[in-house]
Protein chains: 2
Amino acid sequence: MNLLLLKPEEQYSPNTARVTDPRRLRHLHDVHRARQGDTLMVGVEEGGIGRAIITELSSDAVELTFDALDQTPPAALPVHVLLALPRPRMLARTLENIAALGVKELTLLHTARVEKSFWQSPELSVSRIHDHLILGLEQARDTRLPRIHMAPRFRPFVEDTLPNLIENRRALLAHPGQSSACPRQLPLDSPVTLAIGPEGGFVDYEVERLLAAGFEGIHLGERILRVETAVVALLARLF
Amino acid sequence: MNLLLLKPEEQYSPNTARVTDPRRLRHLHDVHRARQGDTLMVGVEEGGIGRAIITELSSDAVELTFDALDQTPPAALPVHVLLALPRPRMLARTLENIAALGVKELTLLHTARVEKSFWQSPELSVSRIHDHLILGLEQARDTRLPRIHMAPRFRPFVEDTLPNLIENRRALLAHPGQSSACPRQLPLDSPVTLAIGPEGGFVDYEVERLLAAGFEGIHLGERILRVETAVVALLARLF
């Protein structure tokens, strides 16, 4: 937790906030070993960042005082990630990673090799997704939550939703064996849609549909990576 | 498991192998849903790769036949990673990732912010490390195991071992706030030593010692990433 991320309602005046939730309190006590008078970075969800002083600290609450939370969070990546729904534990880590890396739009997609049971996982609840995203933002000192979209049916998504999602954007399909290497250091002012398949990859039909829709196929080399590793490697290389 | 990686003793003739270990058998049965007559990629530890046919398959053993395992594994990354020992679960995933990404030399280092208890973790046993590396190789279709070195004391390591380890190599210290951005797409014929700190980072003294020893300080931008994420992002950007 490199940033204590406040919910808007926790900031009860322009210069003060109070946090009572056990997770963040425990982290302040056990990891930061925080004491009254310490300063730390705080930010408000969807808002600014600044330094705060701990004016009171107990096992039940922390009181914070600050001048102004007027620093802007780090720049977002200009990318909409279209990701075949990973297995629940991998989803959790991937949500944390994409939030930390600055992705602001993620669509979770059903494909032939996504197990149907994954769509019933408790990890897909709004609150669990939110929790993982918050961990990523706290790690990377960001305040702006990614928006998560669900596309539980491949064909209607490709026919009805995808055309808008790639209009006026560079659309990249990361899939082993495609002819072009992943491009590097794309300009931050030109938006990208990046599609990443499930464990085992997109099936041929899905690759064909996405290429026909306007995606360029790209690869990361000979090595096949786990999905959670590939997501990080692709974003680090692209931007 | 994109490659069935054979121990040398499992290849009992130039064209046949037999695997009886439960983990790989279970994976063949449950994930691959393999049947007699199927073909799959196999490789031998430290050796070549090729396609094999399953000639017999039971719950106790799989018999494989192949013409020649004469394909070379994917190129290694020309990097020695010097990593502050991560907490055990993060170590496990990082070992898998560095093996999958093609790192062949890893030194695990003690630093001020590494908890001493991490050095007592069962994850540091030779066999557990080996197991994680094998998972990474199976994922990335590689056969060459990384070599893992331990440096449980920072100062003797820096004074006695480090000079040889960075001689005639580019030495990069990844640390938030350093002045240069992480370089991109370095040539594969010039070796690099890459130092990565623990959660919470190297302390000032350690940064000074490494810079004095000849490291260049690099950063990945404003966002602070978890160690396991930073390792992947750095390697993807560097090579």
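For clarity, every value in this text was computed on a predicted model and none was experimentally measured. (Residues numbered from 1 in each chain as written. Chains lettered and ligands numbered in written order. Predicted model: local features only at pLDDT ≥ 70, side-chain atom pairs only at ≥ 80, totals over all residues. Heavy atoms only, no water.)

**A look at the sheet that holds strand β1 (residues 4-6) of chain B**
All names here are of chain B. Put simply, the rule reads: Only strands joined by at least two bridges in the DSSP assignment are considered to pair. Numbering goes from the N terminus for both helices and strands, where a helix is a DSSP run of H or I of at least four residues and a strand is a run of E of at least two. Each axis is a line fitted through C-alpha atoms, and for a helix only the stretch in contact is used; angles between axes span 0 to 180 degrees, taken between their N-to-C directions. Between two residues, a contact is recorded if the distance between any of their heavy atoms is within 4.5 Å.
With mixed pairing, the five strands of this open sheet are ordered in space as β1-β3-β4-β5-β2. One side of each edge strand has no neighbouring strand; the edge strands of this open sheet are β1 and β2 (16-19). In this sheet, adjacent strand axes meet at a mean angle of 40° when their direction is disregarded. Bridge analysis of strand β4 (residues 49-57) against strand β5 (residues 62-66) gives five bridges, and the strand direction is antiparallel. Each bridged residue has a counterpart across the sheet, and for Glu56 the counterpart in β5 is Glu63. The strands touched by helix α1 (residues 22-30) are β1, β2, β3 (39-44), β4 and β5; relative to β1, the strand with the most contacts, the crossing angle is about 155°.

**Regarding the interface of chain A and chain B**
To keep it simple, the criterion reads: What counts as buried area is the accessible surface, traced by a 1.4 Å probe, that two parts surrender upon association, with contributions from both included. Any Lys or Arg side-chain nitrogen located within 4 Å of an Asp or Glu carboxyl oxygen qualifies as a salt bridge.
Facing the 29 residues of chain A at the interface are 29 residues of chain B. Overall, the association of chain A and chain B removes approximately 2,500 Å² of surface from exposure, summing both partners, and the carbon and sulfur fraction of that is 49%. On the chain A side of the interface with chain B, the three residues burying the most area are Arg184, Arg223 and Ile224 of chain A, jointly 27% of the side's total. The tally of links from chain A across to chain B stands at four salt bridges. Across the pair Glu96 of chain B and Arg226 of chain A runs a salt bridge, and its minimum N-O distance is 3.1 Å.

**Quick look at the pattern of salt bridges**
As a reminder of what qualifies: Each residue is assigned to one of three classes by its accessible area relative to the maximum for its type, calculated with a 1.4 Å probe on protein chains only: buried under 20%, partly exposed between the two thresholds, exposed over 50%.
Scanning the model with the defined rule gives 28 salt bridges over all chains in all. A salt bridge links Glu138 of chain B to Arg23 of chain B; its shortest N-O distance comes to 2.8 Å. Of this pair, Glu138 of chain B sits in helix α3 (residues 126-140) while Arg23 of chain B is found in helix α1, placing the two residues 115 residues apart along the sequence. Residue Glu138 of chain B is classed as buried on the basis of its relative accessible area of 2%. A residue is classified by how much of its surface remains accessible, and Arg23 of chain B, at 31% relative accessible area, is partly exposed. Salt bridges sharing common partners tie together Arg93, Arg226 and Glu228 of chain A together with Glu96 of chain B.

**Some points on the relation of the copies chain A and chain B**
Stated formally: For the least-squares superposition of copies, only C-alpha atoms count, and only for residues with pLDDT at least 70 in both.
When chain A is brought onto chain B, the operation consists of a screw motion whose angular component is 180° and whose axial shift is 0.0 Å, with 0.0 Å RMSD remaining. Seen this way, the second copy is the image of the first under a two-fold rotation axis.

**Structural notes on helix α4 (residues 154-166) of chain A**
All names here are of chain A. Applied cut-off: An expected span of 1.5 Å times one less than the residue number is assigned to each helix.
Over its 13 residues, α4 extends only 16 Å from the first C-alpha to the last, a length that falls short of the 18 Å expected when each residue adds 1.5 Å. Buried positions along α4 lie against β6 (79-84), β7 (105-109), β8 (147-151), β9 (170-174), β11 (192-196) and α5 (204-213). Looking one or two places after α4, you find Asn168, whose phi comes out positive at around 60°.

**Examining the domain arrangement of chain A**
All names here are of chain A. Quick note on the threshold: Domain start and stop positions are those given by an automatic or database domain assignment. The nonpolar class holds Ala, Val, Leu, Ile, Met, Phe, Trp, Tyr, Cys and Pro. Asp, Glu, Lys and Arg form the charged class, and all remaining residues, Gly among them, are polar.
Segmenting chain A into domains produces domain 1 (4-66) and domain 2 (79-238). In this structure, domain 1 and domain 2 have C-alpha centres spaced 33 Å apart. The interface is formed by 11 residues belonging to domain 1 together with 10 residues belonging to domain 2. The contact between domain 1 and domain 2 buries some 810 Å² in all, and 55% of this surface belongs to carbon and sulfur atoms. When the buried area of domain 1 at its contact with domain 2 is split by residue, Leu5, Arg23 and Glu46 rank highest and sum to 57% of it. Here domain 1 and domain 2 share one salt bridge between them. Secondary structure elements with two or more residues in the side of domain 1 that touches domain 2: α1 (22-30) and β3 (39-44). Of the residues assigned to the side of domain 1 that touches domain 2, the class counts are four nonpolar, three polar and four charged.

**Considerations on the sheet that holds strand β10 (residues 180-181) of chain A**
All names here are of chain A. On the basis of which strands lie adjacent, the open sheet formed by seven strands has the order β8-β7-β6-β11-β9-β12-β10 and parallel pairing. Each end of this open sheet is capped by a strand with a single partner; those strands are β8 and β10. With five bridges connecting them, β9 and β11 associate as parallel partners. Looking across to β11, one finds that Ala174 is bridged to Ile196.

**Let's talk about the pairing of strand β7 (residues 105-109) of chain B**
All names here are of chain B. The criterion, for reference: Here is how to tell: hold the view so the strands point away, follow the path from the first strand over the helix to the second, and if it runs clockwise the crossover is right-handed.
A large share of β7 lies buried, amounting to five of its five residues. Both faces of β7 are covered, namely the face carrying Glu105, Thr107 and Leu109 and the face carrying Leu106 and Leu108. Where strand β6 (residues 79-84) and β7 come together, five bridges link them in parallel fashion. From the neighbouring strand, Ala84 faces β7, where its bridge partner is Leu109. Crossover handedness for the path β6 to helix α2 (residues 88-101) to β7: right-handed. Between the parallel elements β7 and strand β8 (residues 147-151), the chain passes through α3 in a crossover that is right-handed.

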